[in-house]
Amino acid sequence: MHQHYDIAIIGGGITGLSSAYHLGKSKDLKICLSTSSEVSASRSSANMISGGLIDNFTRIVQRHGPEKAEQAWKYSNHAFDALMEFAKANGIKTVKGERRRLIETPDELEECKKAVVELNEAGFKSLMEKAPDGSEHLLGQQNDGERAASIDSQGLLDYLEKSTSTVTRLGKTTRVIRESQQFKIETEKESFTAEVIIYANHLDISHFLPGLKEVLVSSQDQWLRMQTEAGTLPFAPGTVLSWRHGHYWAQIESDRQLTMGGARFLRPMAGFEADKAELSEKVSKNLPEAWAKYFPKRPLTKMIASKASLDIRPCDEIPVIGPMFGETGIFLGAGYMGQGISLGFKAGQSLAQLVLGKSDELPRFFWPERHRSLASTDNEEN
């Protein structure tokens, strides 16, 4: 029997599940979720969420101007707040902490001082603090307030899976064809039609939307879960750290345990354009060494777990969320650059609101339309 749906969601990770959850509140909609047998990138993420963006406010201002930087920061904060409220309401464990940026060089110190001024002028809270006790080679730290937390990300995904159990699950999408005012969608075993498509399959979006091929670049990363056996860590559980402009990051999970990632610069092409996730021995060796440089009295000596993952990094380092330009009925969300759990959850909510014609906090400049010129160039070359 031919199946027709109002909305087809392609991708079963955090963005797809969140879209299904929020659209599912409209009982009159017929929705399907095209999933894959492969492990979702969301299942490989660390238990880290934060507000703001991984790169500092001044970097966003430099690339996109103060108005858009403020919009991006606000949206990320909305994402953090929305997920924290959702987790609290549904019994998903979180531990709230602070968002801190460690400062090693005089140049970083000057930039962080400027970022603190600009953040406060834009209405956000941020302040400069002295280096953590017991640290070496650090000149200070920037504290952006209680905009970070550890979250049971697996519990979150499991809850969304259960809460969307009435949404029809179909196989992995292999082909999408526009047919007048609807779409014909083919999977490995069947075909069906839908009025609207939401692409939440981050790594495959450019396959279905070639106009975004130059925009959405694959990026390889990994994280290690490690413990110190020499006392307690110098930060409270729930704290999210970054240093060297986001080249390193860490999530404090308990008094003695953290998850740490980064050092992509040790990979070929800094991990860009990778087609599969692989653990790098160089990175695995470098991460605890990078920590020990700052905190030699709290070395990370016990390895608990390690995970490699692929993500999407937009060419302008701003998430791509919204309706596809020149393609009525197509929406997408991708490119969260290390904040996939909170931004992915909020993107699902925003896409649901857009599809339903409702207002949302999503900035207009997050829409894919800002990349129209790249798509035109790509089409001309082909």
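Remember, it's a predicted structure, so these values are computed and weren't measured experimentally.

1. Considerations on the confidence of the model for the chain
The predicted model of the chain averages 93 in pLDDT, with 96% of residues at 70 or higher. Ignoring residues within four places in sequence, the model shows residues 377–382, a span with pLDDT below 50, making two contacts including any to other chains.

2. A word on the side chain of Glu111
Residue position: Glu111 is located in helix α4 (residues 106–121). Residue class for Glu111 comes out buried when judged on its relative accessible area of 18%. For Glu111, the side chain forms a polar contact with the side chain of Arg59, separated by 2.8 Å. For Glu111, the residues in contact, after removing those within four places along its chain, are Thr58, Arg59 and His245.

3. Notes on the sheet that holds strand β8 (residues 148–151)
Pairing is antiparallel across the open sheet formed by three strands, whose spatial order is β3-β8-β4. Bordering the open sheet on either side are β3 (48–50) and β4 (94–97), each of which pairs with just one other strand. Averaged over neighbouring strand pairs, the angle between their axes works out to 25° when direction is ignored. Looking at chain direction, β4 and β8 are connected through four bridges and run antiparallel. Bridge pairing in β8 places Lys96 opposite Ala149.

4. A few points about empty space enclosed by the protein
Evaluation of the coordinates by the stated rule reveals one cavity of 30 Å³ or more. Considering only enclosed or pocket space, the largest cavity measures out at about 100 Å³ in volume. In terms of lining residues, the largest cavity is bounded by 13 residues, among which Asn56, Arg101, Glu108, Cys112 and His245 are the most central. Of all the secondary-structure elements, those providing two or more residues to the lining of the largest cavity are β5 (99–103), α4 and β14 (240–243). Among the elements that take part in the lining of the largest cavity, α4 stands out by supplying three residues, more than any other. Of the residues contributing to the lining of the largest cavity, the split by class is four nonpolar, four polar and five charged.

Quick notes on the rules
- Residues numbered from 1 in each chain as written.
- Predicted model: local features only at pLDDT ≥ 70, side-chain atom pairs only at ≥ 80, totals over all residues.
- Heavy atoms only, no water.
- pLDDT = per-residue confidence, 0-100.
- Contact = heavy atoms within 4.5 Å.
- Helix = DSSP H or I, 4+ residues; strand = E, 2+ residues; numbered from the N terminus.
- Buried < 20%, exposed > 50% of the residue type's maximum accessible area, 1.4 Å probe, protein only.
- Polar contact = N/O pair within 3.5 Å; in protein donor to acceptor, adjacent residues only side chain to side chain.
- Pairing = 2+ DSSP bridges.
- Axes fitted to C-alpha atoms, helices over the stretch in contact; angles between N-to-C directions.
- 1 Å grid on protein atoms, 1.4 Å probe; cavity = no way out; pocket = protein on both sides within 12 Å on 5 of 7 lines; lining within 4 Å.
- Points joined across faces, edges and corners; volume = space filled by probe spheres on them.
- Nonpolar A, V, L, I, M, F, W, Y, C, P; charged D, E, K, R; others polar.

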